[in-house]
Amino acid sequence: MQGKNCKVAKFGGTSLCDAAHFKKIKDLSERFGNEHCIVVSAPGKRNACDIKVTDMLYRLYDMRLQGKKAEADELKCAVTERYSDIASELGIEFSPEKELDFAMANVGTDDTSADELVSRGEYLCAKLLAKYLGYTFIDAAELIFFDEYGVLMMKKTLRAISKRLRETEKAVIPGFYGTEAATGKIRTFTRGGSDITGALIARGVDAKIYENWTDVSGFYVTDPRLVPEARKVDKLCFNELRELSCMGASVLHGSTVLPLMGSDISIRVCNTNAPDEKGTLICPAVETKNRIAGIAGKRGYTIVTIKKLALGDDGGFARRALHAFEACSVPVEHMPLSMDNLSVVTFTSSLNEKKEMLTQELTHVLGDISVEFSDGISLVAAVSSMLGQSADAVCTLFNALAKNHIRIRLIDTGSGSDSVVAGVDDDDFERAIRAIYSEFEENGYL
Ligand code: ASP
């Protein structure tokens, strides 16, 4: 498979959670044409109380590492059952045990991480689906390569995909993992990374389209749990998707578009349970005019405020401050600064037990400063590739907060940025999202 006759379809965990969903995929595959490739996640939750196979495997790794044999055996049985239940309902022979035993045998032997064992979730799922559909199974370990720091080797990966898939018409490939080129060890992407695998395969074969099949019919302007009347988004551009994912929209992994940048391959988000709904198309660029692509937000931030008179007169202060955050492994999400103070937004969870250490490190590199920590901060953002050209749209967001007497704790927007971000108190989070949605709606931006 190669070129614009072929399609790549990636199915997420909920689309592979049981035999009924495998059957849906078989029906859908009939629409996919003569040349196509299916990329899969590991089986997800069947209901709200269920556990994803990937989460079970992480736990199995921990139990095994801690030598808790009884718990590990129980978990292995539970994982095995997920696959054998699906296989028996589909009427096929399938035994995942040998593969799991093999991956488990390596746990704790040298410097193995959880990656190898956890990757078996996708591996076994792809094997099972390939058998059911009668397609070729191709192991992602032969196609996707990482360097010793876990960074994707894009060129080597795309070359391997193009070469290997050229000879095949219909294939199933496991998502989420690849091989560390120098050592041959299995490495995974971050959580949700099968989306990236799908994009790599699409780029490697230069597919017509990358369909990402999930359990929702695409993106909504904002979270429908907060704003039930939220509109669906027909089209987004790659940058908007990245901004929305970074601000908490969880439909696709934020790095999904990276392999597709510079190509003409679009992503369509489709619903496995409502395949005829239009979904959202994510394209390299879109005509935006007066439109906001999304309103997103997240709780759980802390603002670290560093104060010192004439802090900014010292040319290297920002570098030294950043170095202190890095030395304490505290990520920097936003960093507005002025003459006498510097505010750094980070995740509250990353500061656990580290406030004193960070204060000491900052004092060490910046001298006589005061450091304050404000917890309980939420970030809310409006995202659109036209924000840079529309002062009106930016004002609309702040009007919404002002009209509703919502205190703004911080503002951040870079030049040329596709988002404008405001920090508000956690207690105001939901009110802020609703207020921003209705203000944009009233002003014709949605
Ligand atoms: N199964 C992995 C996870 O749960 C990867 C994926 O689904 O994309 O994160």
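Our subject is the structure listed above.
Described below are features of the structure shown in this document. Counting from 1, residues in each chain are numbered in the order their sequence is written. Only residues with pLDDT of 70 or above have their local features reported here, since the model is predicted, and side-chain atom pairs are shown and tallied only from 80 upward, although totals for entire chains, interfaces and linings are computed over all residues. Note that the side-chain values use all heavy atoms of the structure and ignore hydrogens as well as water.

### Topic: the overall build of the protein
Moving on, step 1. A tally of regular secondary structure across the protein gives 12 helices and 16 strands.
Moving on, step 2. Restricting the calculation to C-alpha atoms gives the radius of gyration, and the globule rule supplies 2.2 Å times the number of residues raised to the power 0.38. Taken against the 2.2 N^0.38 rule, which gives 22 Å for 446 residues, the C-alpha radius of gyration of the protein at 24 Å falls within 12% of a compact globule.
Moving on, step 3. Taking the principal axes of its C-alpha atoms as reference, the protein extends roughly 70 × 55 × 40 Å.
Moving on, step 4. Sorting the 446 residues of the protein into buried and exposed places 52% on the buried side.
Moving on, step 5. Here the analysis covers contacts within the protein between residues at least 6 apart in sequence; of these, 74% occur between residues at least 24 apart.
Moving on, step 6. In the structure as shown, the protein presents an accessible area of about 20,000 Å², 48% of it carried by carbon and sulfur atoms. Secondary structure is summarised from DSSP: a helix means a run of H or I of at least four residues, a strand means a run of E of at least two, and numbering begins at the N terminus for each. The buried label applies to any residue whose accessible area, calculated with a 1.4 Å probe on protein chains only, is under 20% of its type's maximum; exposed applies above 50%, and partly exposed to all values in between. Residue contacts follow a heavy-atom distance rule, with two residues in contact if any of their heavy atoms lie within 4.5 Å. Methods summary: accessible areas were calculated by the Shrake-Rupley approach with a probe of 1.4 Å, and residue burial reflects only the protein chains presented.

### Quick notes on the sheet that holds strand 2 (residues 36-40)
Moving on, step 1. Here the rule is simple: two strands pair whenever DSSP picks up at least two bridges between them. Taken together, eight strands build an open sheet; the order of strands is 3-5-2-1-8-10-11-9 and the sheet is mixed. Only two strands of the sheet have a single partner each, and these edge strands are strand 3 (136-137) and strand 9 (235-237).
Moving on, step 2. Angular values range over 0 to 180 degrees, each being the angle between N-to-C directions of two axes fitted as lines to C-alpha atoms, with helices fitted over their stretch in contact. This element, helix 1 (residues 19-29), spans strand 1 (7-11), strand 2 and strand 8 (209-214) of the sheet and lies at about 160° to strand 2.

### Concerning a nonpolar patch on the surface
Moving on, step 1. Residues Met154, Leu258 and Met261 make up a contiguous nonpolar surface patch of about 220 Å² in total accessible area.
Moving on, step 2. Position of Leu258 among the secondary structure elements: in the loop between helix 8 (238-246) and strand 10 (266-271). Excluding any residue in a salt bridge, patches collect residues exceeding 30% relative accessible area, merging like charges within 9 Å and nonpolar Val, Leu, Ile, Met, Phe, Trp and Tyr side chains within 5 Å. The salt bridge definition used is simple: a Lys or Arg side-chain nitrogen within 4 Å of an Asp or Glu carboxyl oxygen.

### Points about the sheet that holds strand 4 (residues 145-146)
Moving on, step 1. An order of 4-6-7 is seen for the three strands of this open sheet, with the pairing classed as mixed. Two strands close off the open sheet at either side, each with one partner strand: strand 4 and strand 7 (186-188).
Moving on, step 2. Two elements, strand 4 and strand 6 (residues 177-180), share two bridges in a ladder whose sense is parallel. Residue Phe145 lies in a different strand from strand 6, and its bridge partner there is Thr179.
Moving on, step 3. Of the strands in this sheet, strand 6 and strand 7 touch helix 5 (residues 115-133), which is tilted by about 75° from strand 7.

### Re the environment of Asp314
Moving on, step 1. Of note, Asp314 is situated in the loop between strand 12 (294-307) and helix 9 (317-327).
Moving on, step 2. A residue is classified by how much of its surface remains accessible, and Asp314, at 28% relative accessible area, is partly exposed.
Moving on, step 3. Along the chain, Asp314 and Leu366 lie 52 residues apart, while their C-alpha atoms are 9.3 Å from each other.

### Quick word on the packing of helix 4 (residues 97-105) against helix 5
Moving on, step 1. Running from N to C, helix 4 and helix 5 cross one another at 165°; their axes reach a closest spacing of 9 Å. On the basis of the axis angle, helix 4 is roughly antiparallel to helix 5. As for the relative orientation of helix 4 and helix 5, their crossing is right-handed in sense. Here Glu99, Leu100, Phe102, Ala103 and Met104 of helix 4 come into contact with helix 5, specifically with Glu116, Leu117, Arg120, Tyr123 and Leu124.
Moving on, step 2. Following the grouping adopted for this structure description, the nonpolar residues are Ala, Val, Leu, Ile, Met, Phe, Trp, Tyr, Cys and Pro, the charged ones are Asp, Glu, Lys and Arg, and the polar ones are all others, Gly among them. For the contact of helix 4 with helix 5, the class distribution of residues is seven nonpolar, no polar and three charged. Orientation categories follow fixed angle ranges, with anything under 35 degrees roughly parallel, anything over 145 roughly antiparallel, 65 to 115 roughly perpendicular, and all other angles oblique. In a left-handed crossing the near helix is turned counterclockwise from the far helix by less than a right angle, and in a right-handed crossing that turn is clockwise.

### Some thoughts on the pairing of strand 1
Moving on, step 1. The buried fraction of strand 1 is high, at five of five residues.
Moving on, step 2. Taking every second residue as pointing to the same face, both faces of strand 1 are buried, with Lys7, Ala9 and Phe11 on one and Val8 and Lys10 on the other.
Moving on, step 3. Two strands pair when backbone bridges link them, and strand 1 and strand 8 are joined in this way by five bridges, in the parallel orientation. Paired with Val8 across the bridge in strand 8 is Tyr210.
Moving on, step 4. Where strand 1 lies against strand 2, five bridges are found, and the strand directions are parallel. By the bridge assignment, Lys7 is partnered in strand 2 with His36.

### Describing the packing of helix 1 against helix 5
Moving on, step 1. Orientation of helix 1 relative to helix 5, taken along the N-to-C sense of each, is 55°, at an axis distance of 11 Å. If you check the angle between helix 1 and helix 5, you find them oblique. For the pair helix 1 and helix 5, the sense of crossing is right-handed. Every residue of helix 5 that contacts helix 1 at Phe22, Lys23, Ile25, Lys26 and Ser29 is listed here: Cys125, Leu128, Leu129, Tyr132 and Leu133.
Moving on, step 2. Broken down by class, the residue content of the contact of helix 1 with helix 5 amounts to seven nonpolar, one polar and two charged.

### Observations concerning the site of the ligand
Moving on, step 1. We call a residue near a molecule or strand when any one of its heavy atoms sits within 4 Å of it. The immediate surroundings of the ligand are formed by Ser41, Lys52, Thr54, Glu122, Phe176, Arg191, Gly192, Gly193 and Ser194.
Moving on, step 2. Each polar contact in these results corresponds to two N or O atoms within 3.5 Å; when the atoms are within protein, one needs to be able to donate a hydrogen and the other to accept it, and residues that are neighboring in sequence are counted only if both atoms are side-chain atoms. Between the ligand and the protein, one listed contact pairs an oxygen atom with a side-chain N or O atom of Lys52 at 3.5 Å.
Moving on, step 3. Notes on the ligand: free accessible area 260 Å², of which the protein chains cover 93%.
Moving on, step 4. Grouping the constituent residues of the shell around the ligand by class yields one nonpolar, five polar and three charged.

### Comments concerning the environment of Arg31
Moving on, step 1. Looking at where Arg31 falls in the secondary structure, it is placed in the loop between helix 1 and strand 2.
Moving on, step 2. Taking the relative accessible area as the measure of exposure, Arg31 reaches 46% and is therefore partly exposed.
Moving on, step 3. Once residues lying within four places of it in the same chain are set aside, the contact partners of Arg31 are Lys7, Pro275 and Asp276.
Moving on, step 4. Within the local environment of Arg31, its side chain forms a polar contact with the side chain of Asp276, the two groups lying 3.1 Å apart.

### Let's talk about helix 1
Moving on, step 1. Listed as buried for helix 1 are Ala19, His21, Phe22, Ile25, Leu28 and Ser29.
Moving on, step 2. Here the buried face of helix 1 lies against strand 1, strand 2, helix 3 (69-90), helix 5 and strand 8.

### Considerations on the side chain of Ser245
Moving on, step 1. Looking at the secondary structure, you find Ser245 in helix 8.
Moving on, step 2. Judged by its relative accessible area of 14%, Ser245 falls in the buried class.
Moving on, step 3. If we skip the residues at most four places from it in the chain, Ser245 touches Leu252, His253 and Gly254.

### Some remarks on the packing of aromatic side chains
Moving on, step 1. Geometry of aromatic contacts follows a simple scheme: Phe, Tyr and Trp rings, the Trp one being its six-membered ring, pair when their centres are within 6.5 Å, and the pair is stacked under 30 degrees between planes, edge-to-face over 60, tilted otherwise. Per the stated rule, a full pass over the model turns up seven aromatic pairs.
Moving on, step 2. Ring geometry for Phe11 and Trp213: centres 5.8 Å apart, planes at 20°, overall stacked. Residue Phe11 is located in strand 1, and its partner Trp213 is located in strand 8; the two are separated by 202 residues in the primary sequence. Assigned by exposure class, Phe11 and Trp213 land together as buried.
Moving on, step 3. Taking the centre distance of 5.4 Å and the plane angle of 80° together, the rings of Tyr123 and Phe137 count as edge-to-face. Taken as a pair, Tyr123 in helix 5 and Phe137 in strand 3 lie far apart in primary sequence, 14 residues in all.
Moving on, step 4. Judged by relative accessible area, Tyr123 falls into the buried class, the value being 11%.
Moving on, step 5. One aromatic cluster in this structure is built from Phe11, Phe32 and Trp213.
Moving on, step 6. Lysine and arginine charges are scored as sitting over a ring when NZ or CZ, respectively, is within 6 Å of the ring centre and within 35 degrees of the ring normal. Directly above the ring of Tyr132 sits Lys26, whose terminal nitrogen or CZ lies 4.7 Å from the centroid.
Moving on, step 7. For the cation-ring pair, Arg120 lies above Tyr123, with the distance from its terminal atom to the ring centre recorded as 4.2 Å.

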